[in-house]
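Summary of the model geometry
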Amino acid sequence: MSKFQATASAPVNIACIKYWGKRDTKLILPTNSSLSVTLDQDHLRSKTTSRADASFEKDRLWLNGKEEEIKPAGRTATCIKELRRLRCEFEGANPNEPKIADLHLHISSFNNFPTAAGLASSASGFAALVSSLAALYKLPATQSELSLIARQGSGSACRSLFGGYVAWNMGSKTDGTDSIAEEIAPRSHWPEMHALICVVSDDKKGTSSTVDVPLLQHRITSIVPERMERITDAIRRRDFNTFADVTMRDSNQFHATLLDTDPPIFYMNDVSRTIIAIITELNRASVAAGGSLKAAYTYDAGRTPTPRLEDPFRLFSQEETPGLGALPLGFNVGVAKKYQIGGVKGFIHTRVGDGPRVLGDEEALLDQHGLPL
Ligand code: DP6
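Remember, predicted model here, so these are calculated numbers, not experimental data. (Residues numbered from 1 in each chain as written. Predicted model: local features only at pLDDT ≥ 70, side-chain atom pairs only at ≥ 80, totals over all residues.)

Section: the packing of helix α1 (residues 75-93) against helix α2 (residues 122-136)
As a packed pair, α1 and α2 sit with axes 10 Å apart at the nearest point and diverge in direction by 25°. When the axes of α1 and α2 are compared, the pair comes out roughly parallel. For α1 against α2, the interelement crossing comes out right-handed. Counted together, C79, I80 and L83 of α1 and F126, L129, V130, L133 and A134 of α2 form the full contact between these two elements. (Axes fitted to C-alpha atoms, helices over the stretch in contact; angles between N-to-C directions. Helix = DSSP H or I, 4+ residues; strand = E, 2+ residues; numbered from the N terminus. Parallel < 35°, antiparallel > 145°, perpendicular 65-115°, else oblique. Left-handed = near helix turned anticlockwise from the far one by under 90°. Contact = placed C-beta atoms within 7 Å.)

With respect to the nonpolar core
Ranked by size, the top nonpolar core spans 83 residues in total, and within it A127, V130, A150 and I231 carry the most contacts. Considering every element that reaches this core, the biggest residue donor is α2, with nine residues. When residues of this core are sorted by domain, at least three fall in each of domain 1 (1-190 + 359-373) and domain 2 (192-351). In this view, A127 contacts A10, A150, A157, S160, L161 and P356; residues no more than four positions away in its chain are not counted. (Core = buried A, V, L, I, M, F, W, Y, C linked by C-beta atoms within 7 Å. Buried ≥ 20, exposed ≤ 12 C-beta atoms within 10 Å, placed from the backbone. Domains from an automatic or database assignment.)

Re the domain arrangement of the chain
On domain assignment, one finds that the chain holds domain 1 (1-190 + 359-373) and domain 2 (192-351). Between domain 1 and domain 2, the contact holds 26 residues from the first and 36 residues from the second. Residue assignment for the side of domain 1 that touches domain 2 shows that the elements contributing at least two residues are β2 (13-17), β5 (34-38), β10 (165-168) and β11 (181-185). Looking at the side of domain 1 that touches domain 2 element by element, the count peaks at three residues for β2.

So, the site of the ligand
Inspection of the region around the ligand gives 13 residues, with A15, Y19, S154, G155 and S156 positioned closest. Residues belonging to the shell around the ligand are distributed by class as follows: six nonpolar, five polar and two charged. (Near = placed C-beta within 6 Å. Nonpolar A, V, L, I, M, F, W, Y, C, P; charged D, E, K, R; others polar.)

Details of the sheet that holds strand β16 (residues 357-359)
As summarised here, the arrangement of the six strands in space is β8-β7-β9-β6-β1-β16, forming an open sheet in which the pairing is mixed. Of all strands in the sheet, those with a lone pairing partner are β8 (66-68) and β16, marking the two edges. In this sheet, neighbouring strand axes are inclined to one another by 25° on average, regardless of whether the strands run parallel or antiparallel. In this sheet, strand β9 (residues 105-111) lies alongside strand β6 (residues 45-52) in antiparallel orientation, the contact comprising seven bridges. Bridging across to β9, T49 finds its partner in S108. In the packing of α2 onto the sheet, contacts are made with β1 (4-11), β6, β9 and β16, and the angle to β1 comes to roughly 150°. (Pairing = 2+ DSSP bridges.)

Structure below.
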(Lines give C-alpha, C1' and ligand atoms only; values in the text may rest on other atoms or scores of the structure.)
Protein backbone atom coordinates (compact mmCIF):
# COMPACT_ATOMS: atom_id res chain seq x y z
CA MET A 1 0.00 0.00 0.00
CA SER A 2 1.32 3.45 -0.83
CA LYS A 3 2.33 5.80 1.92
CA PHE A 4 0.27 8.94 2.39
CA GLN A 5 2.98 11.39 3.28
CA ALA A 6 4.26 14.81 2.25
CA THR A 7 7.12 17.08 3.33
CA ALA A 8 7.29 20.84 2.85
CA SER A 9 9.43 23.72 4.02
CA ALA A 10 8.42 27.33 4.63
CA PRO A 11 10.30 30.58 5.20
CA VAL A 12 10.47 33.20 7.94
CA ASN A 13 9.12 36.65 7.12
CA ILE A 14 9.87 40.04 8.61
CA ALA A 15 7.22 42.75 8.67
CA CYS A 16 7.96 46.25 7.35
CA ILE A 17 4.41 47.34 8.21
CA LYS A 18 3.69 45.63 11.52
CA TYR A 19 0.66 43.58 12.44
CA TRP A 20 -0.36 44.30 16.02
CA GLY A 21 -3.86 44.08 17.44
CA LYS A 22 -6.69 41.64 16.73
CA ARG A 23 -10.38 42.25 16.06
CA ASP A 24 -11.07 38.51 16.49
CA THR A 25 -8.69 36.44 18.60
CA LYS A 26 -10.12 33.04 17.62
CA LEU A 27 -10.10 33.57 13.85
CA ILE A 28 -6.98 35.78 14.24
CA LEU A 29 -8.31 38.78 12.34
CA PRO A 30 -6.05 41.83 12.56
CA THR A 31 -6.96 45.46 13.14
CA ASN A 32 -4.65 46.60 10.35
CA SER A 33 -3.11 45.28 7.15
CA SER A 34 0.61 44.46 7.17
CA LEU A 35 3.43 43.86 4.71
CA SER A 36 6.55 41.73 4.91
CA VAL A 37 9.65 40.54 3.13
CA THR A 38 10.11 36.77 2.96
CA LEU A 39 13.61 35.68 3.99
CA ASP A 40 15.68 33.01 2.26
CA GLN A 41 14.87 29.42 3.26
CA ASP A 42 18.42 28.40 2.53
CA HIS A 43 19.26 30.20 5.78
CA LEU A 44 16.09 30.10 7.90
CA ARG A 45 13.21 27.70 7.51
CA SER A 46 10.77 25.28 9.12
CA LYS A 47 10.41 21.85 7.55
CA THR A 48 7.40 19.60 8.24
CA THR A 49 6.41 16.05 7.32
CA SER A 50 2.80 14.94 7.64
CA ARG A 51 1.61 11.37 7.28
CA ALA A 52 -1.90 9.87 7.37
CA ASP A 53 -2.10 6.19 8.26
CA ALA A 54 -4.83 3.76 9.31
CA SER A 55 -2.57 2.39 12.06
CA PHE A 56 -2.26 5.75 13.85
CA GLU A 57 -4.44 6.01 16.97
CA LYS A 58 -4.62 9.78 17.24
CA ASP A 59 -3.20 12.96 15.74
CA ARG A 60 0.31 13.60 17.09
CA LEU A 61 2.79 16.44 16.63
CA TRP A 62 6.54 16.71 17.30
CA LEU A 63 8.42 20.03 17.24
CA ASN A 64 12.20 19.69 16.97
CA GLY A 65 11.81 16.06 18.02
CA LYS A 66 9.77 16.77 21.16
CA GLU A 67 6.11 15.74 21.29
CA GLU A 68 3.66 18.62 21.81
CA GLU A 69 0.07 18.24 22.88
CA ILE A 70 -2.48 19.16 20.19
CA LYS A 71 -5.03 21.03 22.30
CA PRO A 72 -8.61 20.32 21.12
CA ALA A 73 -9.63 23.90 20.32
CA GLY A 74 -6.09 25.21 19.91
CA ARG A 75 -4.45 26.80 16.88
CA THR A 76 -2.83 23.62 15.52
CA ALA A 77 -6.10 21.67 15.84
CA THR A 78 -7.94 24.45 13.99
CA CYS A 79 -5.50 24.32 11.06
CA ILE A 80 -5.71 20.51 10.85
CA LYS A 81 -9.53 20.62 11.03
CA GLU A 82 -9.77 23.17 8.22
CA LEU A 83 -7.43 21.21 5.94
CA ARG A 84 -9.32 17.96 6.66
CA ARG A 85 -12.56 19.70 5.70
CA LEU A 86 -11.04 20.69 2.34
CA ARG A 87 -9.80 17.11 1.82
CA CYS A 88 -13.34 15.82 2.49
CA GLU A 89 -14.70 18.18 -0.15
CA PHE A 90 -11.97 17.06 -2.54
CA GLU A 91 -12.76 13.38 -1.96
CA GLY A 92 -16.46 14.11 -2.47
CA ALA A 93 -15.73 15.72 -5.84
CA ASN A 94 -13.16 13.06 -6.86
CA PRO A 95 -14.55 9.63 -5.93
CA ASN A 96 -11.46 7.82 -7.25
CA GLU A 97 -9.17 9.53 -4.76
CA PRO A 98 -8.19 7.48 -1.67
CA LYS A 99 -10.25 8.19 1.44
CA ILE A 100 -7.62 9.59 3.79
CA ALA A 101 -9.43 12.58 5.32
CA ASP A 102 -10.52 10.57 8.37
CA LEU A 103 -7.16 8.91 9.04
CA HIS A 104 -5.13 10.15 12.00
CA LEU A 105 -2.01 12.18 11.32
CA HIS A 106 1.55 12.17 12.58
CA ILE A 107 3.33 15.48 12.02
CA SER A 108 7.00 16.21 12.65
CA SER A 109 8.50 19.69 12.27
CA PHE A 110 12.05 21.05 12.60
CA ASN A 111 13.45 24.57 12.43
CA ASN A 112 16.94 25.07 11.10
CA PHE A 113 17.43 28.32 13.01
CA PRO A 114 20.44 28.43 15.22
CA THR A 115 19.02 28.66 18.73
CA ALA A 116 21.00 31.85 19.16
CA ALA A 117 18.94 33.54 16.46
CA GLY A 118 16.07 33.95 18.90
CA LEU A 119 13.62 34.07 16.03
CA ALA A 120 9.96 33.36 16.54
CA SER A 121 9.19 30.22 14.58
CA SER A 122 5.40 30.41 14.58
CA ALA A 123 5.16 32.06 11.13
CA SER A 124 7.39 29.58 9.28
CA GLY A 125 6.15 26.71 11.48
CA PHE A 126 2.44 27.12 10.69
CA ALA A 127 3.19 27.89 7.02
CA ALA A 128 5.17 24.61 6.77
CA LEU A 129 2.42 22.68 8.59
CA VAL A 130 -0.27 23.98 6.23
CA SER A 131 1.93 23.43 3.15
CA SER A 132 2.76 19.84 4.06
CA LEU A 133 -0.88 18.94 4.77
CA ALA A 134 -2.06 20.68 1.59
CA ALA A 135 0.49 18.58 -0.35
CA LEU A 136 -0.49 15.36 1.47
CA TYR A 137 -4.16 16.04 0.75
CA LYS A 138 -3.43 17.19 -2.85
CA LEU A 139 -5.68 20.19 -2.28
CA PRO A 140 -6.47 22.26 -5.35
CA ALA A 141 -6.26 25.44 -3.20
CA THR A 142 -4.37 28.62 -4.12
CA GLN A 143 -1.68 30.00 -1.80
CA SER A 144 -4.05 32.82 -0.80
CA GLU A 145 -6.73 30.26 0.13
CA LEU A 146 -4.17 28.37 2.22
CA SER A 147 -3.15 31.66 3.83
CA LEU A 148 -6.65 31.83 5.38
CA ILE A 149 -5.83 28.64 7.26
CA ALA A 150 -2.21 29.48 8.19
CA ARG A 151 -3.53 32.78 9.59
CA GLN A 152 -5.58 30.84 12.14
CA GLY A 153 -2.35 29.22 13.37
CA SER A 154 -0.49 32.49 13.79
CA GLY A 155 -1.36 35.78 12.13
CA SER A 156 2.05 36.42 10.60
CA ALA A 157 2.15 32.83 9.24
CA CYS A 158 -0.23 33.75 6.43
CA ARG A 159 2.52 35.93 4.94
CA SER A 160 5.01 33.02 4.92
CA LEU A 161 2.92 31.26 2.24
CA PHE A 162 4.54 33.47 -0.39
CA GLY A 163 8.04 34.43 -1.37
CA GLY A 164 9.22 37.94 -2.15
CA TYR A 165 7.16 40.89 -0.93
CA VAL A 166 3.84 40.02 0.69
CA ALA A 167 0.78 41.93 1.91
CA TRP A 168 -1.75 40.61 4.42
CA ASN A 169 -4.98 42.43 3.67
CA MET A 170 -6.89 42.79 6.92
CA GLY A 171 -10.31 42.33 5.26
CA SER A 172 -13.59 43.48 6.76
CA LYS A 173 -15.82 40.39 6.94
CA THR A 174 -16.58 38.91 10.35
CA ASP A 175 -15.96 35.35 9.10
CA GLY A 176 -12.44 36.32 7.99
CA THR A 177 -12.80 35.03 4.43
CA ASP A 178 -11.28 38.22 3.02
CA SER A 179 -8.38 38.43 5.49
CA ILE A 180 -5.77 36.91 3.18
CA ALA A 181 -2.16 37.23 2.12
CA GLU A 182 -1.11 38.01 -1.44
CA GLU A 183 2.16 38.49 -3.23
CA ILE A 184 2.99 42.11 -4.07
CA ALA A 185 6.09 41.13 -6.03
CA PRO A 186 8.15 37.94 -6.33
CA ARG A 187 11.73 37.73 -5.12
CA SER A 188 12.96 38.01 -8.74
CA HIS A 189 11.43 41.50 -8.98
CA TRP A 190 13.88 42.92 -6.41
CA PRO A 191 16.44 40.25 -5.58
CA GLU A 192 19.08 42.70 -4.36
CA MET A 193 17.38 43.09 -0.95
CA HIS A 194 19.65 41.81 1.80
CA ALA A 195 18.78 41.39 5.46
CA LEU A 196 21.11 41.26 8.41
CA ILE A 197 19.56 39.79 11.56
CA CYS A 198 21.26 40.90 14.76
CA VAL A 199 20.51 39.13 18.01
CA VAL A 200 20.67 41.78 20.65
CA SER A 201 19.89 40.28 24.01
CA ASP A 202 18.16 37.49 25.83
CA ASP A 203 17.44 39.09 29.15
CA LYS A 204 14.12 40.81 28.56
CA LYS A 205 10.81 40.09 30.14
CA GLY A 206 7.93 40.12 27.73
CA THR A 207 4.20 40.43 27.99
CA SER A 208 1.91 39.61 25.14
CA SER A 209 -0.63 42.36 25.11
CA THR A 210 -2.93 43.70 22.45
CA VAL A 211 -5.16 45.89 24.59
CA ASP A 212 -6.82 48.84 22.93
CA VAL A 213 -4.75 51.98 23.35
CA PRO A 214 -5.20 55.45 21.85
CA LEU A 215 -2.05 55.38 19.72
CA LEU A 216 -2.97 51.97 18.30
CA GLN A 217 -6.36 53.37 17.24
CA HIS A 218 -4.68 56.29 15.52
CA ARG A 219 -2.28 53.91 13.80
CA ILE A 220 -5.12 51.68 12.58
CA THR A 221 -7.31 54.44 11.18
CA SER A 222 -4.94 57.17 10.06
CA ILE A 223 -1.45 55.75 9.54
CA VAL A 224 -1.31 52.20 8.22
CA PRO A 225 -3.65 52.47 5.19
CA GLU A 226 -1.54 55.24 3.65
CA ARG A 227 1.73 53.47 4.54
CA MET A 228 0.54 50.23 2.92
CA GLU A 229 -0.03 52.15 -0.32
CA ARG A 230 3.30 53.95 -0.14
CA ILE A 231 5.41 50.89 0.54
CA THR A 232 3.58 48.76 -2.03
CA ASP A 233 4.23 51.41 -4.64
CA ALA A 234 7.88 51.70 -3.52
CA ILE A 235 8.35 47.93 -3.92
CA ARG A 236 6.79 47.99 -7.39
CA ARG A 237 9.20 50.80 -8.38
CA ARG A 238 12.16 49.30 -6.48
CA ASP A 239 12.51 52.63 -4.69
CA PHE A 240 14.76 51.80 -1.73
CA ASN A 241 14.62 55.31 -0.24
CA THR A 242 10.85 55.17 0.25
CA PHE A 243 10.90 51.49 1.26
CA ALA A 244 13.52 52.22 3.93
CA ASP A 245 11.82 55.39 5.16
CA VAL A 246 8.41 53.69 5.62
CA THR A 247 9.99 50.57 7.19
CA MET A 248 11.89 52.55 9.84
CA ARG A 249 8.93 54.82 10.61
CA ASP A 250 6.65 51.83 11.05
CA SER A 251 9.08 50.03 13.36
CA ASN A 252 9.36 53.21 15.45
CA GLN A 253 5.62 53.65 15.64
CA PHE A 254 5.00 50.02 16.50
CA HIS A 255 7.34 50.36 19.48
CA ALA A 256 5.71 53.67 20.44
CA THR A 257 2.40 51.80 20.48
CA LEU A 258 3.89 49.23 22.83
CA LEU A 259 5.02 52.03 25.12
CA ASP A 260 1.45 53.38 25.04
CA THR A 261 0.00 50.20 26.58
CA ASP A 262 -0.75 49.92 30.27
CA PRO A 263 1.59 48.69 31.67
CA PRO A 264 4.06 49.82 29.00
CA ILE A 265 6.00 47.18 27.08
CA PHE A 266 9.67 47.68 26.20
CA TYR A 267 11.07 45.41 23.55
CA MET A 268 14.09 47.47 22.65
CA ASN A 269 17.09 48.02 24.88
CA ASP A 270 20.11 50.34 24.80
CA VAL A 271 21.94 48.18 22.28
CA SER A 272 18.91 48.21 19.95
CA ARG A 273 18.70 51.98 20.26
CA THR A 274 22.42 52.36 19.57
CA ILE A 275 21.98 50.43 16.34
CA ILE A 276 19.17 52.80 15.36
CA ALA A 277 21.56 55.70 15.96
CA ILE A 278 24.23 54.08 13.78
CA ILE A 279 21.83 53.39 10.88
CA THR A 280 20.41 56.91 11.16
CA GLU A 281 23.93 58.37 10.99
CA LEU A 282 24.91 56.04 8.14
CA ASN A 283 21.94 57.26 6.12
CA ARG A 284 22.47 60.91 7.08
CA ALA A 285 26.12 60.84 6.06
CA SER A 286 25.33 59.03 2.82
CA VAL A 287 22.66 61.58 1.84
CA ALA A 288 24.93 64.47 2.86
CA ALA A 289 27.62 63.07 0.57
CA GLY A 290 25.15 63.09 -2.33
CA GLY A 291 24.09 59.44 -2.05
CA SER A 292 20.85 57.77 -0.98
CA LEU A 293 19.69 55.78 2.06
CA LYS A 294 21.92 52.76 2.62
CA ALA A 295 19.98 50.61 5.08
CA ALA A 296 16.76 50.38 7.10
CA TYR A 297 16.19 48.86 10.55
CA THR A 298 13.07 47.12 11.80
CA TYR A 299 12.44 45.44 15.16
CA ASP A 300 9.87 42.80 16.04
CA ALA A 301 8.34 42.04 19.38
CA GLY A 302 10.72 39.18 20.05
CA ARG A 303 7.93 37.58 21.97
CA THR A 304 7.89 33.84 22.24
CA PRO A 305 6.11 31.68 24.81
CA THR A 306 9.43 30.78 26.45
CA PRO A 307 10.83 32.83 29.33
CA ARG A 308 14.07 33.29 27.40
CA LEU A 309 13.29 36.20 25.15
CA GLU A 310 15.59 37.49 22.54
CA ASP A 311 15.35 40.55 20.43
CA PRO A 312 16.16 39.90 16.84
CA PHE A 313 15.93 42.79 14.49
CA ARG A 314 16.75 43.09 10.89
CA LEU A 315 18.53 45.59 8.79
CA PHE A 316 17.56 45.81 5.18
CA SER A 317 20.01 46.94 2.58
CA GLN A 318 20.65 46.51 -1.12
CA GLU A 319 24.33 45.99 -0.47
CA GLU A 320 26.21 42.71 -0.35
CA THR A 321 27.32 43.24 3.24
CA PRO A 322 24.66 45.45 4.79
CA GLY A 323 25.98 47.95 7.24
CA LEU A 324 29.40 46.38 7.15
CA GLY A 325 30.80 48.11 4.07
CA ALA A 326 32.87 51.26 3.99
CA LEU A 327 31.36 54.14 5.96
CA PRO A 328 30.33 57.21 4.00
CA LEU A 329 32.55 60.28 4.22
CA GLY A 330 31.56 62.44 7.20
CA PHE A 331 30.12 59.54 9.25
CA ASN A 332 30.20 60.65 12.89
CA VAL A 333 31.42 57.74 14.99
CA GLY A 334 30.46 59.71 18.11
CA VAL A 335 26.71 58.98 17.66
CA ALA A 336 26.95 55.58 19.26
CA LYS A 337 27.82 54.51 22.72
CA LYS A 338 30.43 51.74 22.60
CA TYR A 339 29.59 48.31 23.99
CA GLN A 340 31.73 45.40 25.00
CA ILE A 341 32.00 42.55 22.53
CA GLY A 342 28.86 40.47 23.04
CA GLY A 343 26.38 43.39 23.02
CA VAL A 344 25.19 41.86 19.76
CA LYS A 345 25.20 38.13 20.29
CA GLY A 346 25.07 37.02 16.69
CA PHE A 347 24.43 37.95 13.07
CA ILE A 348 22.68 36.11 10.27
CA HIS A 349 23.16 37.56 6.84
CA THR A 350 20.32 36.57 4.55
CA ARG A 351 18.23 37.99 1.72
CA VAL A 352 14.78 38.02 0.18
CA GLY A 353 13.67 34.44 -0.57
CA ASP A 354 11.04 32.24 -2.18
CA GLY A 355 7.81 30.73 -0.85
CA PRO A 356 7.09 27.27 0.59
CA ARG A 357 8.63 24.28 -1.16
CA VAL A 358 7.21 20.76 -1.44
CA LEU A 359 10.13 18.39 -0.88
CA GLY A 360 10.80 14.77 -1.83
CA ASP A 361 10.42 11.77 0.48
CA GLU A 362 14.22 11.70 0.97
CA GLU A 363 13.76 14.84 3.10
CA ALA A 364 11.04 13.24 5.29
CA LEU A 365 11.19 13.69 9.06
CA LEU A 366 9.22 10.55 10.04
CA ASP A 367 10.59 7.00 10.15
CA GLN A 368 8.84 3.85 8.93
CA HIS A 369 6.76 3.69 12.13
CA GLY A 370 5.65 7.31 11.77
CA LEU A 371 7.90 8.56 14.56
CA PRO A 372 10.32 11.50 14.28
CA LEU A 373 13.72 10.69 12.81
C1 DP6 B 1 5.41 42.05 15.99
O2 DP6 B 1 1.86 36.45 14.26
O3 DP6 B 1 3.32 36.06 16.29
O4 DP6 B 1 5.98 40.19 14.63
O5 DP6 B 1 -1.19 36.08 15.54
O6 DP6 B 1 -0.89 36.07 17.99
O7 DP6 B 1 0.34 34.39 16.58
P8 DP6 B 1 -0.26 35.80 16.67
O9 DP6 B 1 0.94 36.82 16.58
P10 DP6 B 1 2.22 36.83 15.66
O11 DP6 B 1 2.55 38.41 15.75
C12 DP6 B 1 3.62 38.97 15.08
C13 DP6 B 1 3.69 40.41 15.39
C14 DP6 B 1 4.94 41.12 14.91
C15 DP6 B 1 4.67 41.96 13.67
C16 DP6 B 1 4.43 41.22 12.40
O17 DP6 B 1 5.02 40.16 12.15
O18 DP6 B 1 3.65 41.76 11.59
